Amino acid sequence: MALDTSWYTEEWAGQGAAISLKIRDKVHDEQSTYQRIEIYETETFGTLMTLDGLVMVTDRDNFVYHEMMSHPALFTHPDPRRVLVIGGGDCGTLHEVLKHPTVELAEQVELDERVTRASEKFFPELCESNNDRRARLHFADGIQWVADAPPGTYDVIIVDSTDPVGPAAGLFSETFYQNCFRALRPRGIVVGQSESPLFHADLIRSMQRSLKAAGFGEAATLFFPQCTYPSGWWSATMGGKNITLANFRNSDTAAGMFATRYYNQPIHAAALASPEFLRHPEK
Ligand code: SAM
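Residues numbered from 1 in each chain as written. Predicted model: local features only at pLDDT ≥ 70, side-chain atom pairs only at ≥ 80, totals over all residues. Heavy atoms only, no water.

Novice: Describe the packing of aromatic side chains, and please don't skip the residues or the numbers.
Specialist: Across all of its chains, the model carries 10 aromatic pairs by this definition. Relative to Tyr263, the ring of Phe75 has its centre 5.6 Å away and its plane inclined at 5°; by these criteria the two rings are stacked. Of this pair, Phe75 sits in helix H1 (residues 62-76) while Tyr263 is found in the loop between helix H7 (250-255) and helix H8 (265-271), placing the two residues 188 residues apart along the sequence. In this structure, Phe75 and Tyr263 share a single accessibility class: buried. Chaining the aromatic ring pairs together yields one cluster made of Tyr65, Tyr229 and Trp234. Looking at Arg60, its charged tip hangs above the ring of Phe45, at a distance of 4.7 Å from the centre. (Phe/Tyr/Trp six-rings, centres within 6.5 Å; stacked < 30°, edge-to-face > 60°. Helix = DSSP H or I, 4+ residues; strand = E, 2+ residues; numbered from the N terminus. Buried < 20%, exposed > 50% of the residue type's maximum accessible area, 1.4 Å probe, protein only. Lys NZ or Arg CZ within 6 Å of the ring centre and 35° of its normal.)

Okay, here's the thing in structure tokens:
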């Protein structure tokens, strides 16, 4: 497919800012039942996938996001065995989860099968654990999945979703967190991507409040860079069920149980430090 422009630009609504990536070619364009899936080859960021015109994944920087969505929560839990990933159709988070030797079952519930099929073709390295005997891929609504889950099914629930609009909006609601609380075993953890601290501080505050209102004793936000997402600065917010989120299996992370490119023990500790403007989310 030839392109009439050599730059992909995503304007960040209401922020007077944008990101542009120089592209070589558009290699995929499809309208699924849920969203428009476009894939480009860029000059310097490798393959890029957008959904409804918003950057989801690039080859070059996805490792930061996928590692921070998975390892802090899994190393905070003392013995994570059953993990649920909601969304995450590119399968990068699932791939990181399956690096943990304690994990016996990793279920992924993605609404849009077409995102996963396109990722298998264009991001094979993210999908290389899809055939792991512990992995189960389901294509369904994650909100309904958690509502239907028997109590105490999972140790960790990871919400690797699109922005809080359309079908993902309910993944940020108190009702959803109540269902997560019920679906988690004692000491369980839910973690969800919580957007940009600079652009969406209110969303982070409201997520922390909703998690606590839903029964989670603690809520904590992790901060990390993500250069192709709005503002270049991103976050993930955890809720803990009878577990202290500041403590994690330091010795395991320090020992380097498996290879990572961003996550390590000092990064984990540093990511839990809140900027001053977000230190009192209840206000
Ligand atoms: N890393 C990305 C980001 O933060 O921009 C998220 C990537 S992942 C591809 C997001 C996925 O969430 C999409 O494939 C979308 O189909 C899925 N999704 C949105 N709402 C969902 C829901 N209610 N249940 C399950 N999956 C959902």
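Novice: Kindly report on the site of the ligand, identifying the contributing residues and their values.
Specialist: As a structural note, the neighbourhood of the ligand is formed by 26 residues, with Gln35, Glu110, Asp141, Gly142 and Tyr229 the closest of them. A distance of 2.9 Å separates a nitrogen atom of the ligand from a polar atom in the side chain of Asp141. One of the backbone nitrogen or oxygen atoms of Gly142 is found 2.9 Å away from a nitrogen atom of the ligand. Considering the ligand on its own, with 600 Å² of exposed area, one finds that the protein chains cover 99% of that surface. Among the secondary structure elements, those contributing two or more residues to the shell around the ligand are strand S5 (54-58), strand S7 (105-110) and helix H4 (142-148). When we break the shell around the ligand down by domain, the ones giving at least three residues each are domain 1 (2-58) and domain 2 (62-279). (Near = heavy atom within 4 Å. Polar contact = N/O pair within 3.5 Å; in protein donor to acceptor, adjacent residues only side chain to side chain. Areas by Shrake-Rupley, 256 points an atom, 1.4 Å probe, with all protein chains shown as cover. Domains from an automatic or database assignment.)

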